Structure formats: structure tokens, C-alpha cells
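Coordinate inspection notes
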Amino acid sequence: MFDVSRWRQIQAVLASLTPPREIRVIAVSKGQGVAEIRAAAEAGVRLFGESYVQEALEKQEQLGRTDLEWHFIGRIQRNKTRFIASRFHWVHGVTEEGQARRLSEVRTGDGRPPLPICLQVNISGETSKGGVSPAQLPMLAEAVAQMPGVTLRGLMAPPAPLQGGEDAARRHFAALRQQLESLRAAGHSLDTLSMGMSGDYPLALEEGATLLRLGTILFGRREN
Ligand SMILES: *Cc1c(COP(=O)(O)O)cnc(C)c1O
């Protein structure tokens, strides 16, 4: 069940940050039913994150609302690109030029504004984590910045390493912020650091997150 008091608590923490910063929270609703999403929307949540295209489309349809902002946070499969570009308002986790190009082509053709995207960076270098390597990031950003149907807004962090505790998580987030800063120095105007999940969002906030992705802490445990 969606935990309204937890949501309010987190909003209060965000509102009390000094100096004030604008932080947005994506309620990650993968594995949650439409009743939970309705309850969250009732409490004022507007941003929802989904990882599976088919599941998300079904829930969007059942909800039949136009006031919600849908963020795609899963793996971008080639054969789902059309749905991702047409049914989501944001896409996190772009890792390759081809993905961005296909998203851009869909958006360019349909008369809608460019799709805001974040590039996922494999900060830790673990092979199990998807993402562009820090070495390849500047080239990818340069290529994506030329595409008319997408707008590069920032970077997304994969989950922080499980080993190494708080220090490792903090270094992970700080490293992503540094990547964002070097892209800015190279002339990209970027405003988004999508990092921090239920287990580590306070650290991510301290390291400069602007967009949190919170699932379990808001909805409880999920089925997938
Ligand atoms: C599931 C998921 C989340 C939410 O994780 P919680 O630990 O439940 O907060 C955030 N980001 C991504 C990319 C996810 O897949």
C-alpha cells in the first residue's frame, strides 16, 4: 500500500533543505497495481516510474489520467522504442547512441516536443551494471545533443555498489555529479542528476541529486 505519511515526511525533508533546492521524486510503481497508483496520485504524487513497457501501458490505460508524468526507468529494448517514446514523458537509462536515435526519430515524426532523457553512466565499472563508461560519455553526450527529438537533461546513476557501505555509495554519487559537471564545462546545459533509491536517497541528496527514484519506501515490497 502507498504510505501517505512516509510521502509527506520525505516532502517535508526536501522542503527544509538549506539552501533551498528543487528536488523531484519519482514514485517507482513497477509491480504495483492501479489502486496503489491512484492512492499515490490522491496524495499529490505526479511522477511515476516504470521499468516494464507492457505493464506500464496497461496501467496507464486503466488509469485514464492525463495529469501524471511517466518516467521510463527500465532497460530500453529496441522493439519497444516506439511505445517508450510515445507513452512516456521522460526516459532514464539511455546507454547507447542507437537508442537515443530511435527515440528521437519517433518523437520527431509525431509533432510532440523533444523527449527529455538522461544517460546512464556505469560509474563503478562493474560489468553487471549497464551504462556508458565515463570514458565514452562525452562522445555519447555530443551525439545525443545533435538529435532533434530528444533533449539531454542529465545523468542517471545505476544502484550504488552493495559492498563498501556508506562511503562507497557516497563516492558513487559524487562521481556521477563530477561527470555532470565536466559535461557542463564542455558546454552542455544539464539540470538533472537522477540518483538515489529507497536505501540510499539521503546520501544521494547530500551529493547533489535532483531527481529521486523511490519505490519500496513509498509502496512497500513489490512482486517484481
Ligand atoms: C526499481 C527501481 C528503483 C526503485 O527502487 P527502490 O529500492 O524500491 O526504491 C529505482 N530505480 C530503478 C532504475 C529501478 O529499477
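Numbers given to residues run from 1 along each chain, matching the order in which its sequence is written. For this predicted model, a pLDDT threshold of at least 70 governs which residues receive local features, and a threshold of 80 or more governs which side-chain atom pairs are given and counted, while totals over whole chains, interfaces and linings are taken from all residues. Values reported for side chains reflect all heavy atoms of the structure, with hydrogen atoms and water molecules removed beforehand.

Side note on the layout of surface pockets
Applicable threshold: A 1.4 Å probe that fits into a set of points on a 1 Å grid over the protein atoms alone but cannot get out defines a cavity; an open set with protein on both sides within 12 Å along at least five of seven lines defines a pocket, and lining residues are those with an atom within 4 Å of a point. Grid points are joined across faces, edges and corners, and a volume is the space filled by probe spheres set on the points. Side-chain classes are defined by residue name, with Ala, Val, Leu, Ile, Met, Phe, Trp, Tyr, Cys and Pro counting as nonpolar, Asp, Glu, Lys and Arg as charged, and the others, Gly among them, as polar.
Considered as a void within the structure, the largest pocket measures approximately 650 Å³ in volume. As for the largest pocket, its lining consists of 29 residues, of which Ile73, Gly74, Gln120, Met156 and Pro159 are closest to the centre. Classifying every residue of the lining of the largest pocket by side-chain character gives 10 nonpolar, 13 polar and 6 charged. In this structure, the second largest pocket spans a volume of roughly 180 Å³. In this structure, the second largest pocket is lined by Lys129, Pro159, Ala160, Pro161, Leu162, Gly165, Ala169, Met197, Gly199 and Asp200.

Here we look at the site of the ligand
Put simply, the rule is: Being near a molecule or strand, for a residue, comes down to having at least one heavy atom within 4 Å of it. For this analysis, a polar contact is any N or O atom pair within 3.5 Å, provided that within protein one partner can donate a hydrogen and the other can accept it, and provided that sequence-adjacent residues contribute only side-chain to side-chain pairs. Residue burial considers only the protein chains on display, and all accessible areas are found by Shrake-Rupley using a 1.4 Å probe. A molecule is counted as occupying a cavity or pocket when more than half of its atoms fall within 2 Å of that pocket's grid points.
The local shell around the ligand consists of Val28, Lys30, Ser51, Ile73, Met156, Met197, Ser198, Arg213, Leu214, Gly215, Thr216 and Arg222. Measuring from an oxygen atom of the ligand, one finds a side-chain N or O atom of Ser198 at 2.5 Å. Here Arg213 contributes a side-chain N or O atom positioned 2.9 Å from a nitrogen atom of the ligand. Relative to its free-state accessible area of 390 Å², the ligand is covered by the protein chains to the extent of 86%. Taking a 2 Å distance to the grid points as the criterion, the majority of the atoms of the ligand fall inside the largest pocket. Here the shell around the ligand is composed, by residue class, of 5 nonpolar, 4 polar and 3 charged.

Brief notes about the pairing of strand β1 (residues 24–28)
Condition: Categorising residues by exposure relies on relative accessible area from a 1.4 Å probe, with only protein chains included: less than 20% of the type maximum marks a residue as buried, more than 50% marks it as exposed, and the intermediate range marks it as partly exposed. Only runs of H or I of at least four residues qualify as helices and only runs of E of at least two qualify as strands under DSSP, and these elements are numbered from the N terminus. Criterion used throughout: strands pair if DSSP finds at least two bridges between them. Crossovers are described as right-handed under a simple rule: with the strands pointing away from the observer, the path leading from the first strand over the helix to the second runs clockwise.
The buried fraction of β1 is high, at 4 of 5 residues. Alignment of β1 against strand β8 (residues 211–214), held across 4 bridges, turns out to be parallel. Its bridge partner being in β8, Ala27 is matched across the sheet by Leu214. Strand direction decides the pairing type here: β1 and strand β2 (residues 47–50), joined by 2 bridges, are parallel. When the bridges of β2 are listed, Val28 appears paired with Gly49. A crossover connection joins β1 to the parallel β2 through helix α2 (residues 34–42); in handedness this β-α-β unit is right-handed.

Regarding helix α5 (residues 97–109)
For clarity, the cut-off: Helix span, as expected, comes to 1.5 Å for every residue beyond the first. Every residue pair with non-hydrogen atoms within 4.5 Å of one another is taken to be in contact.
For α5, which comprises 13 residues, the first-to-last C-alpha distance of 18 Å matches the rise-based estimate of 18 Å (1.5 Å per residue) to within 8%. For α5, the full list of buried residues reads Gly98, Gln99, Ala100, Arg102, Leu103, Ser104, Val106 and Arg107. In this structure, the buried residues of α5 make contact with α4 (81–87), β4 (90–94), β5 (115–120), α6 (137–145) and β6 (150–156). After α5 finishes, the residue Gly111 shows a positive phi value of roughly 75°.

Some points on the pattern of salt bridges
For side chains bearing opposite charge, pairing can occur when the charged atoms are close. Stated formally: Whenever Lys or Arg places a side-chain nitrogen within 4 Å of a carboxyl oxygen from Asp or Glu, that contact is recorded as a salt bridge.
For the structure on display, the rule yields 11 salt bridges. Between Arg170 and Glu207 there is a salt bridge, with its nearest N and O atoms 2.9 Å apart. Here Arg170, found in helix α7 (residues 165–185), pairs with Glu207, found in the loop between α8 (201–206) and β8; they are 37 residues apart in sequence, far enough to count as distant. Glu181 serves as the salt-bridge partner of Arg177, at 3.7 Å between the closest nitrogen and oxygen.

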